[in-house]
Amino acid sequence: MIKENNRFLRSNRHALFEDFVDNYYKYKANTNLRAISQNGLLIWQRGPEFLFKAENLNAGLESDLENKIHPTAINIFSKYGLDVITDMDYYFFSKKPLCEEEFFVHTILIDPYSPIYNSYALALAPKLGSKNFIKYAAYYDIEAHVRTLLEYIDKKEKTSDFVLPWKEYQELLESLV
C-alpha cells in the first residue's frame with residue numbers, strides 16, 4: 001500500500017484483491033438491505049456503509065442491524081424547522097452515528113443532478129451552521145459538486161444545470177419554513 005494525500009492507494013498488483021473486497025461489500029450491503037426492507041433501494045455504498053431509501057422497514061429486525069440504521073437526509077429536516085413531504089424514508093447504514101454534515105451530503109446523494117434535492121440540501125446548510133461540508137463531501141466523492149453548490153449560495157446566480165434559478169430557490173426556501 002502507498003499513502004498519498006492522507007489516503008491509501010493500491011498498486012496494480014492488488015487489483016484482484018481490491019475487486020474481491022469491493023464485491024464482498026456490495027454483496028453484504030445487498031444482503032443487509034434485504035434483511036432491513038423488502039422494497040429498499042441502495043443509493044450509495046462504500047465498504048460496509050450504505051445510503052438507502054425504503055417505504056417500510058421489516059418488523060423484528062435483529063438488534064445488530066437495527067442499531068446501524070440511522071434516519072438521514074430529508075427525513076431529519078423537521079428537526080431543523082424545515083417541512084419536506086415525501087413518501088420515501090432515507091436511512092444510512094453504519095456502525096457509527098451520523099454527524100449533521102452528513103445529513104447535508106446524504107440529501108445531495110439522493111439525486112446529485114436534481115435541482116430540487118440540491119436546493120433542499122442548501123436550505124439545510126445554514127440551519128447546521130457548519131464550515132466542514134467540503135471535508136465530508138470528499139469522503140463521499142462529491143467534493144467538486146458541493147463546492148459548486150456553496151458557490152451558488154455565495155453568488156446567488158445559477159451556474160449549473162443542477163441548481164434552480166435563484167428566484168425559484170428563494171420560493172422553495174419559503175415553502176419549506
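Residues numbered from 1 in each chain as written. Predicted model: local features only at pLDDT ≥ 70, side-chain atom pairs only at ≥ 80, totals over all residues. Heavy atoms only, no water.

The chain has the name HVO-2833 C-terminal domain-containing protein in an unreviewed UniProt entry, where Methanosarcina mazei is given as its organism.

(A) Expanded view of the environment of Val21. With respect to the element layout, Val21 can be found in helix 1 (residues 15–36). Since its relative accessible area comes to 27%, Val21 is described here as partly exposed. (Helix = DSSP H or I, 4+ residues; strand = E, 2+ residues; numbered from the N terminus. Buried < 20%, exposed > 50% of the residue type's maximum accessible area, 1.4 Å probe, protein only.)

(B) A look at helix 7 (residues 166–176). By the burial criterion, the buried members of helix 7 are Trp166, Tyr169, Leu172 and Leu176. Down the axis of helix 7, the sector holding all buried residues measures 115 degrees, keeping them to one side. Opposite the packed face of helix 7, turned more than 90 degrees from it, sit the exposed residues Lys167 and Glu174. Looking at the buried positions of helix 7, the neighbouring elements they touch are helix 4 (115–128) and helix 6 (143–155). (Arc of directions from axis to C-beta. Contact = heavy atoms within 4.5 Å.)

(C) Region of the structure containing the side chain of Thr72. As for its placement among the helices and strands, Thr72 is situated in the loop between strand 5 (69–71) and strand 6 (89–93). Taking relative accessible area as the criterion, Thr72 reaches 0% and is therefore assigned buried. Here Thr72 is in contact with Leu51, Tyr90, Tyr91, Phe92, Leu98, Glu102, Phe103 and His106, once residues within four sequence places are set aside.

(D) Structural context of the nonpolar core. In terms of nonpolar packing, the biggest core is built from 42 residues, with Phe77, Phe104, Tyr120, Leu124, Ile142 and Val146 touching the most fellow members. Counting only elements with at least two residues in this core, the list comes to strand 6, helix 3 (100–110), helix 4, helix 5 (133–139), helix 6 and helix 7. Counting residues per element, this core draws most heavily on helix 4, which supplies eight residues. Ignoring any residue separated from it by four or fewer positions in sequence, one finds Tyr120 in contact with Ile74, Phe77, Val84, Thr107, Leu172 and Leu176. One finds Leu33, Ile36, Leu65 and Tyr91 within the second-largest nonpolar core, a separate group that totals 11 residues. (Core = buried A, V, L, I, M, F, W, Y, C linked by side-chain atoms within 4.5 Å.)

(E) Focus on the sheet that holds strand 5. The sheet built from four strands is open, its strands ordered 3-4-6-5 with antiparallel pairing. Of all the strands in the sheet, just strand 3 (41–46) and strand 5 have a single pairing partner and so form its edges. Pairwise comparison of adjacent strand axes, ignoring direction, gives a mean angle of 25 degrees for this sheet. (Pairing = 2+ DSSP bridges. Axes fitted to C-alpha atoms, helices over the stretch in contact; angles between N-to-C directions.)

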